[in-house]
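Secondary and tertiary structure notes
Read off the chains here:
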Amino acid sequence: MAFELPKLTYEYTSLEPHIDARTMEIHHTKHHQAYVTNLNNALAGTDAEKLSIEEICKNISKYPMPVRNNGGGHFNHSMFWTVMAPNAGGEPTGDVATGINAAFGSFAEFKTQFATAAATRFGSGWAWLLVKDGKFVVSSTPNQDNPLMDIADVKGSPILGIDVWEHAYYLHYQNRRPDYVAAFWNVINWNEVAKRLKEVK
Ligand code: MN
């Protein structure tokens, strides 16, 4: 069965004013859809059609570049939509808060490191909070790479990610990527991050 564009559980307008509806709509229906379509085309007729997107990412070095770019794009965006929600943000609790405090000392220090990773990723890419050997780590990746991939500099299980491609913010924030990253804190769905952490454990 071919990969499909996941439906959002909220409206395109729901993340305003932090992320505008037009950006959400184009990002989901055009950009993510293109990754799905191109991934399906790249995998058509191969054994990898039976695999999960996670399994493909974990062995990405065995695939041609279109699978890396579009498979990464599909995994990354599928996660991105779920780690955002309306009426979200604030500070995490429970195991997520414990993991952040253990790794970074405080939520404020985690925010600084995550925002720095997002701001300093040159060109297009993603910043991540991931679990590596049981510990929380912040990293960033170029293009549509992610920490699941066997080619990643920092490998692990991502539990939060922010898209810092210009298509994720340019309509509303133009060149002001740090303003977009600052707004992201208001839409983080910590319940989903906690769910993903539980699945890692
Ligand atoms: Mn994107």
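Reading guide: rules and limits
Here, residues in each chain are numbered from 1, in the same order as that chain's written sequence. Residues qualify for local features only when their pLDDT is at least 70, as the model is predicted, and side-chain atom pairs are given and counted only at 80 or more; totals for whole chains, interfaces and linings, by contrast, use all residues. Side-chain numbers here rest on the full set of heavy atoms in the structure, without hydrogens or water. Donor atoms (N, O, S) are those found within 2.8 Å of the metal centre, with the cutoff raised to 3.2 Å for Na, K and Ca; water is not part of the atom list, so apparent gaps in a site can occur. The helix count covers DSSP runs of H or I at least four residues long, the strand count covers runs of E at least two residues long, and both are numbered beginning at the N terminus. Burial status follows relative accessibility: with a 1.4 Å probe on protein chains alone, a residue under 20% of its type maximum counts as buried, one over 50% as exposed, and anything between as partly exposed. Salt bridge, as used here: a side-chain nitrogen of Lys or Arg that lies within 4 Å of a carboxyl oxygen of Asp or Glu.

To continue, consider the coordination of the manganese ion. Ligation of the manganese ion by protein atoms is provided by His27 (NE2), His77 (NE2), Asp163 (OD) and His167 (NE2), these donors lying 1.9 to 2.1 Å from the ion. The sequence pattern formed by the donor residues of the manganese ion is H-x49-H-x85-D-x3-H. Placement of His27 in helix 1 (residues 21-43) and of His77 in helix 3 (residues 65-82) is noted, with a sequence separation of 50 residues between them. Classification of His27 as buried rests on a relative accessible area of 2%. Given the relative accessible area of 0%, His77 is considered buried.

Take the pattern of salt bridges next. A full pass over the atoms with the stated rule returns six salt bridges. Glu192 is paired through a salt bridge with Lys195; the nearest N and O atoms lie 3.6 Å apart. Here Glu192 and its partner Lys195 are both found in helix 8 (residues 190-200), three residues apart, which amounts to about one turn of the helix. You can call Lys195 partly exposed: its relative accessible area is 45%. Across the salt bridge formed by Glu192 and Arg196, the nearest N and O atoms sit 2.9 Å from each other.

Any link to function would need more than the numbers given here.
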